[in-house]
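Structural features, examined
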Amino acid sequence: MSRVQLALNVTDLDAAVDFYSRLFNAQPAKRRAGYANFALDSPALKLVLIQGEGAGGTLNHLGVEVEDSQQVAAASRRLEAQGLTTRDEEGVTCCYATQDKVWVSDPDNAPWEVYTVLADSATFAGAQPAKAAAAAAAAEPAACCGGH
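Because the structure is predicted, anything quoted here is derived from the model rather than measured. Going along each chain's sequence as written, the residues are numbered from 1 onward. Given that this is a predicted model, residues contribute local features only at a pLDDT of at least 70 and side-chain atom pairs are listed and counted only at 80 or more, while totals for whole chains, interfaces and linings are drawn from all residues. No hydrogens and no water enter the side-chain calculation; it runs on all heavy atoms of the structure.

Here we take up the overall build of the chain. Strands here mean DSSP runs of E at least two residues long; helices mean DSSP runs of H or I at least four residues long; both are numbered from the N terminus. Secondary structure assignment for the chain yields 3 helices and 8 strands. Classification of residues uses two cut-offs on accessible area relative to the type maximum, computed with a 1.4 Å probe and protein chains only: under 20% is buried, over 50% is exposed, and between them is partly exposed. Of all 148 residues assigned to the chain, the portion counted as buried reaches 41%. In what follows, residue pairs with any heavy atoms lying within 4.5 Å of each other are defined as contacts. Considering only contacts in the chain between residues 6 or more positions apart, those separated by 24 or more positions represent 56%.

Pasting the structure below:
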């Protein structure tokens, strides 16, 4: 299933989880220190809450979760063919998951990722494989969530 991702910075993770649990009548799919996500079917949304990464109530990043790495690669090719600057990351650990992804930014520099989750991870972010590290070095400094 594809779904839109909205990652928000929050000041109080417990309060945010309580609010969004009530709003969507759902519990988080994943909850770790400073992090929670809701994987909703209706609406088709991956809501990510990140504490301590920016001012509360601000956008962290946006994304589209897809089913597999082939869809990530196809999105990367399509975006490049449309003349957009992309940054591919393969096998990166971000948001307590190992992922393949491609990043683009909108005209106002809002970061978007097209990604797939390959496996769960015990860590929020980890060392990048050589290919992702080289891509990141050629672009802006990268951290988990594209440095945003």
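This part takes up the confidence of the model for the chain. Every residue is assigned a pLDDT by the predictor, reflecting its confidence on a scale from 0 to 100. Chain-level pLDDT for the chain is 86 on average; 85% of the residues reach the 70-or-more range. In this model, residues 128-142 is a region of pLDDT below 50 whose contacts with residues beyond four sequence positions or in other chains number 26 contacts.

With that out of the way, let us pick up the pairing of strand S3 (residues 35-40). Working note: regular strand, side chains alternate between the two faces of the sheet. Within S3, 5 of the 6 residues are buried, which leaves the element mostly enclosed by the surrounding structure. Strand pairing follows a simple DSSP-based rule, namely that at least 2 bridges must link the two strands. Relative to S3, strand S2 (residues 30-32) is paired through 3 bridges, and the arrangement is antiparallel. Across the sheet, the residue bridging to Arg31 is Ala36, located in S3. If you look at the hairpin formed by S2 and S3, you'll find 2 residues sitting between the two strands, and Gly34 has a positive phi there, around 75 degrees. Alignment of S3 against strand S4 (residues 45-51), held across 6 bridges, turns out to be antiparallel. Counted as the bridge partner of Leu40 is Leu45 from S4. Hairpin connection of S3 to S4: 4 residues between the antiparallel strands.

What follows deals with the sheet that holds strand S6 (residues 87-94). Ordered in space as S2-S3-S4-S1-S5-S8-S7-S6, the 8 strands form an open sheet in which the pairing is mixed. What marks the edges here is a single partner per strand, and that holds for S2 and S6. Neighbouring strand axes in the sheet, compared pairwise and without regard to direction, differ in orientation by 20 degrees on average. Where S6 lies against strand S7 (residues 97-105), 6 bridges are found, and the strand directions are antiparallel. Here an angle of 0 to 180 degrees is reported between the N-to-C directions of two axes, which are lines fitted to C-alpha atoms, with helices fitted over the stretch in contact.

In this section: the nonpolar core. Of all hydrophobic cores here, the largest spans 13 residues; its most connected members are Leu13, Val17, Tyr20, Phe38, Leu47 and Leu49. In terms of residues, this core owes the most to one element, helix H1 (residues 13-24), which gives 4 residues. Setting aside chain neighbours within four positions, we find Tyr20 in contact with Leu8, Asn25, Ala26, Phe38, Leu47 and Leu49. Note on terminology: a nonpolar core comprises buried Ala, Val, Leu, Ile, Met, Phe, Trp, Tyr and Cys residues joined through side-chain atoms within 4.5 Å.

This part takes up the side chain of Asn60. With respect to the helices and strands, the residue Asn60 is situated in strand S5 (residues 59-65). Whenever two N or O atoms come within 3.5 Å, that pair is a polar contact, provided that in protein one can donate a hydrogen and the other can accept it, and provided that, for residues adjacent in sequence, both atoms are side-chain atoms. Within the structure, Asn60 has its side chain in polar contact with the side chain of Asn9 (distance 2.8 Å). Side-chain polar atoms of Asn60 contact the side chain of His61, separated by 2.7 Å.

So, on to the environment of Leu6. Its location among the elements puts Leu6 in strand S1 (residues 3-10). Relative accessible area serves as the criterion here: at 28%, Leu6 is assigned to the partly exposed category. Spatially, the C-alpha atom of Leu6 lies 7.5 Å from that of Leu45, the residues being 39 residues apart in sequence. Excluding anything up to four places from it in sequence, Leu6 contacts Leu45, Lys46, Leu47, Val48, Leu59, His61 and Leu62.

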